[in-house]
Amino acid sequence: MHLFGKSVVSTVVAIAMIPGVVRGQESLNKVAAEAQAALQGASPSSPAVEELSVVPFAPRNFVEKSGADCSGGIIYDDGSFEDGYRTTSVLAHNFVTEFVLPAGTNRLNAICTCWSRASFDTSVTYRLNVYAADGAGGRPGTLLGSVTPNFATPSLFGRSFFRVDIPGGLDVPTNRVYVGPAWSELLDDSFFICADENGPGGHPSYFGTDLVTAPTTPLQTASYRALGIRVEAEASSSCVPSSTALCLANGRFRVTATFQAPNGGSSGDANVVKLTDETGYLWFFSASNVETVVKVLNGCGLNQHYWVFAGGLTNVQTVITVTDTETGAMTTYMNPQSTPFEPIQDTQALATCP
Ligand SMILES: [Ca+2]
């Protein structure tokens with residue numbers, strides 16, 4: 001598909017657009033929803049990724065930085081972007097990359113995205129989505145938060161970073177999340193998220209064609225290494241409770257766990273249920289089937305440590321992580337596969353008093 005040519009379908013959509021529409025999120029969603037309804041059955045059932053580099057005169061290996069680029073943050077690209085991607089959807093594009101937050105950090109402060117364009121529309125309106133890694137097979141799942149709307153004005157065929165600060169930060173319950181932009185092809189024609197095609201790579205990206213729904217199609221162009229998406233993260237001052245994060249001692253300590261059933265059985269994040277401010281339990285397979293009880297005790301008056309105790313009713317492989325969100329210190333316990341859970345009575349767990 002030529003970048004400047006419009007398919008019959010997208011021409012129909014363009015006519016349906018209202019001139020001067022306010023580019024708020026509500027109108028973004030409304031326009032997309034109306035177009036989706038109008039196009040039912042007409043949109044491609046399996047959208048693919050379209051590459052900016054099919055434009056023969058696009059400059060290569062060219063980085064133009066127009067703003068803060070999260071250079072001190074979590075970066076998976078090599079600093080130069082050889083291409084740009086969007087989907088073939090005539091409705092919307094949604095790209096995310098997996099980010100693994102450094103130990104002790106669970107608050108996203110800023111997201112930087114690199115943009116390029118191949119049209120005379122100079123400004124793209126986009127939302128930034130953060131998804132939990134709780135979809136099928138660890139793919140993007142629950143939408144944890146969005147920052148919207150945002151605007152970027154990349155130069156024609158350039159590659160420019162645009163930084164968005166998250167007001168108050170976004171606390172996330174696990175250290176692995178998916179982050180990236182979504183934008184409407186109806187409102188913003190021919191914009192591309194920058195792509196690094198010769199860096200170290202190592203983190204998967206996914207794409208989809210809805211502004212909100214978690215994108216779950218793996219990005220697998222031949223030369224994909226990383227997208228132009230970076231984040232800044234820091235330690236939150238407290239634990240954020242969720243179905244997989246147990247917050248104890250007035251929110252200071254976060255307990256999370258993963259499990260792996262034997263013989264390639266099910267695996268994932270343990271579900272947590274709080275019992276008291278210092279005790280909770282984990283379940284893996286059903287809410288009625290308790291696997292492990294965990295507590296964090298304040299032993300500062302006795303031996304200048306916080307204590308971690310746990311008792312298991314399981315022989316499934318389990319990894320329990322206890323994090324002191326005030327200091328970022330963490331300790332991890334593992335029960336091996338097909339082994340009766342040995343009691344944990346760790347009175348030296350965290351030397352982070354008071
Ligand atoms: Ca590169």
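Nothing here was measured: the structure is a model prediction, and the numbers come from that model.

What follows covers the overall build of the protein chain. In terms of helices and strands, the protein chain carries three helices and 23 strands. Of all 354 residues assigned to the protein chain, the portion counted as buried reaches 41%.

Counting residues in each nonpolar core, the largest one holds 53 residues, and the members touching the most others are Val177 and Val179. Aside from chain neighbours lying at most four places away, what touches Val177 is Phe99, Val130, Tyr131, Ala132, Ala133, Leu144 and Val172. Counting residues in hydrophobic clusters, the runner-up holds 25 residues, among them Phe253, Phe259, Ala310 and Val316.

Regions with low pLDDT carry predicted coordinates that are not meant to be interpreted in detail. Per-chain confidence: the protein chain averages 83 in pLDDT, with 83% of residues scoring 70 or above. For the protein chain, the element scoring lowest by mean pLDDT is helix H1 (residues 8-16), at 30; strand S18 (residues 279-283) scores highest, at 98. pLDDT under 50 marks residues 54-65. Its contacts with residues more than four places away, or in other chains, come to 20 contacts.

The next point concerns unusual backbone geometry. Residue Pro149 is bonded to the preceding Thr148 through a cis peptide linkage, with omega at -5 degrees. Structurally, Pro149 can be placed in strand S6 (residues 143-152). With an omega of -5 degrees, the peptide bond running from Cys353 to Pro354 counts as cis. Inspection of the secondary structure assignment puts Pro354 in the segment after strand S23 (344-350). One non-glycine residue, Ser190, lies in the positive phi region at around 65 degrees. As for its placement among the helices and strands, Ser190 is situated in the loop between strand S8 (176-184) and strand S9 (191-196). In this model, Ala249 sits at a positive phi of 55 degrees, which is unusual for a non-glycine residue.

Here we come to the sheet that holds strand S5 (residues 124-132). Taken in spatial order, the six strands make up an open sheet running S6-S5-S8-S3-S10-S11, and their pairing is antiparallel. Each edge of the open sheet carries a strand with a single partner, namely S6 and strand S11 (217-218). Of the pairings in the sheet, the one linking S5 to S6 comprises seven bridges and is antiparallel in character. Across the sheet, Asn129 pairs through a bridge with Ser146, a residue of S6.

Along strand S13 (residues 229-234), five of the six residues are buried, which leaves the element largely enclosed by surrounding structure. When strand S4 (residues 107-117) meets S13, the two strands line up antiparallel, connected through six bridges. Residue pairing across strands places Leu108 opposite Ala233, the latter belonging to S13.

Below, the discussion takes up the pairing of strand S15 (residues 253-260). Both faces of the sheet carry side chains from a regular strand, because those side chains alternate between them. Of all eight residues that make up S15, six are buried, and the element is covered over most of its length. In this sheet, S15 lies alongside strand S14 (residues 246-248) in antiparallel orientation, the contact comprising three bridges. Across the sheet, Leu246 pairs through a bridge with Val255, a residue of S15. Turn length for the S14-S15 hairpin, with the two strands adjacent in sequence and antiparallel, is four residues, and the turn residue Ala249 shows positive phi of about 55 degrees. Both S15 and strand S21 (residues 317-324) contribute to a ladder of eight bridges, which runs antiparallel.

A word on the sheet that holds strand S19 (residues 290-299). Across the sheet, which stays open at both edges, the five strands sit in the order S17-S18-S19-S20-S23 with antiparallel pairing between neighbours. At either end of the open sheet lies a strand with only one pairing partner, and these are strand S17 (271-276) and S23. Looking at each pair of strands side by side, their axes are set apart by 25 degrees on average, direction ignored.

Position of Ser238 relative to the elements: it lies in the loop between S13 and S14. Take Ser238: there are 17 C-beta atoms within 10 Å of it, and that puts it in the partly exposed class. Separated by twelve residues in the primary sequence, Ser238 and Asn250 place their C-alpha atoms 8.6 Å from one another. Residues in contact with Ser238, not counting those within four places in the same chain, are Gly251, Arg252 and Thr325.

Bringing the environment of Phe284 into the picture now. Tracing the backbone through its elements, the reader meets Phe284 in the loop between S18 and S19. Taking the C-beta count within 10 Å as the criterion, Phe284 has 23 such neighbours and is therefore assigned buried. Sequence separation between Phe284 and Ala270 is 14 residues; the distance between their C-alpha atoms is 5.2 Å. Beyond its immediate chain neighbours, meaning those up to four positions away, Phe284 contacts Phe259, Ala270, Glu291 and Val316.

Moving on, we get to the environment of Thr256. When you line up the elements, Thr256 lands in strand S15. Expressed as a C-alpha distance, the spacing of Thr256 and Thr323, which sit 67 residues apart in the sequence, is 8.5 Å. When neighbours within four sequence positions are excluded, Thr256 is seen to be in contact with Thr174, Thr244, Ala245, Asp269 and Thr321.

Cut-off values and rules
- Residues numbered from 1 in each chain as written.
- Predicted model: local features only at pLDDT ≥ 70, side-chain atom pairs only at ≥ 80, totals over all residues.
- Helix = DSSP H or I, 4+ residues; strand = E, 2+ residues; numbered from the N terminus.
- Buried ≥ 20, exposed ≤ 12 C-beta atoms within 10 Å, placed from the backbone.
- Core = buried A, V, L, I, M, F, W, Y, C linked by C-beta atoms within 7 Å.
- Contact = placed C-beta atoms within 7 Å.
- pLDDT = per-residue confidence, 0-100.
- Pairing = 2+ DSSP bridges.
- Axes fitted to C-alpha atoms, helices over the stretch in contact; angles between N-to-C directions.

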